[in-house]
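Structure assessment
Here is what each chain is made of, one letter per residue.
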Amino acid sequence: MHLLLRRKVFIVLLLCLSTMVDAQRMLMPPSLKAGDTIAIISPSSQPDSMTVVKGCEVLRQWGYVPVVGANALRNYHGFAGTADERAADLLWALRNPSVKAILCSRGGDGAVQVLQRIPLKEFREHPKWVMGFSDATALHSAEVSAGVMSIHSTMCDGLASRGARDSVNIMLHRLLQGQLPSYQMPAHPLNQQGEATGMLVGGNLSVLCGLAGSEYDFLNRVDDGLILCIEDTGESMSKVDRMLHQLEIRGVLAKLKGIIVGHFSKYKSPENGFADMYEMLHEYLQHYDIPVCYDFPVGHHSGFNPPMVEGCQVLLKVEEQQTRLQFINNQNVPATW
């Protein structure tokens, strides 16, 4: 009798442990196939309607069916509708079973208002690729916090301006088809050499710092072993300095496995004796014994802006002649193309 009871208790404990592990496991949303629907929503600022139209045309050329959210083109004090309307579009896109992926029309400001209206469990219960960058960093942070991977990528403007056959857009298309990327970039003089494996998170630095302390903050997962990618625009060196201090006093920087520094644009230089943003960042990051690469081409610029899978395991190698970043699939087998 006692033996039977012990077995039952053991089985219950195993089930509980299995549930806990599954709850912490990062989910990779299903890949897309021709004929699948992609929802276009505007969680932040109001987009240009023609840009959305042209972006939808690129999705059609890829074989997908774009559907624009009911409030995606609205204008409410510069936002794409009220916070409730923008949240309604995101909830519709998450809960609608016919929608297989979600593309943000643009960045700007206001996505954090949307998050306050959406329980974190909604992202876990409806795992779908969410695409975008800039202010969409807030959505990526929520997705990763919920245990779902997300795509830091170009949006309608990038699709519309460069077209379906552009190299960066092709990378995004292949990623939606299930092919994880691998990148090689030239070395930068300020790089800190080294090798690290960890979960990639990041995006717009001011947006992710604005989520500090909330349940939507993916930096809460820093103990999982994170590689942080940062970029920004329109923020002065002194403001970025304060953001670095915030990450430092939170203990985030000390726990990172590696750092990828993307593009910082539209700031005044020189400032406080630093020639540029990278020099200022290096003043702080050089004290951490981790690989750091500079000038990785993600962020607010018109050139190469490759898709990055947030919440995915990556291998970062910062070498003398180059930086290599490789995304790793669920079976821990490198996937390249």
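Rules used throughout
- Each chain carries its own residue numbering, running from 1 in the direction its sequence is written.
- The predicted origin of the model limits local features to residues at a pLDDT of at least 70 and limits the giving and counting of side-chain atom pairs to 80 or more, whereas totals for whole chains, interfaces and linings rest on all residues.
- Calculation of side-chain values draws on the structure's entire complement of heavy atoms; hydrogens and water are dropped beforehand.
- Here a salt bridge means any side-chain nitrogen of Lys or Arg lying within 4 Å of a carboxyl oxygen belonging to Asp or Glu.
- Buried means the residue's accessible area, taken with a 1.4 Å probe over protein chains only, is under 20% of the maximum for its type, while exposed means over 50%, and partly exposed covers the values in between.
- Note on conventions: DSSP H or I runs of at least 4 residues are helices, E runs of at least 2 residues are strands, and numbering of each starts at the N terminus.
- Think of it this way: DSSP has to see at least two bridges between two strands before they count as a pair.
- For crossovers, right-handed means that the path from the first strand over the helix to the second runs clockwise, given strands pointing away from the viewer.

Considerations on the pattern of salt bridges
Taken as a whole, this structure holds 11 salt bridges when the rule is applied. Lys 121 is the salt-bridge partner of Glu 122, the closest N and O atoms lying 4.0 Å from each other. Among the residues examined, Glu 122 registers a relative accessible area of 5% and is labelled buried. Linked by salt bridges that have partners in common, Arg 95, Lys 121 and Glu 122 make up one network.

Points about the pairing of strand E9 (residues 258-265)
Of all the 8 residues making up E9, 8 are buried; the element is thus mostly covered by neighbouring parts of the structure. Strand direction decides the pairing type here: strand E8 (residues 226-233) and E9, joined by 6 bridges, are parallel. For Asp 232, the partnering residue across the bridge sits in E9 and is Phe 264. Direction of pairing for E9 relative to strand E10 (residues 292-293): parallel, over a ladder of 2 bridges. Its bridge partner lying in E10, Ile 259 is registered against Val 292. Since E9 and E10 lie parallel, the crossover through helix H12 (residues 277-285) that links them has a hand, and here it is right-handed.

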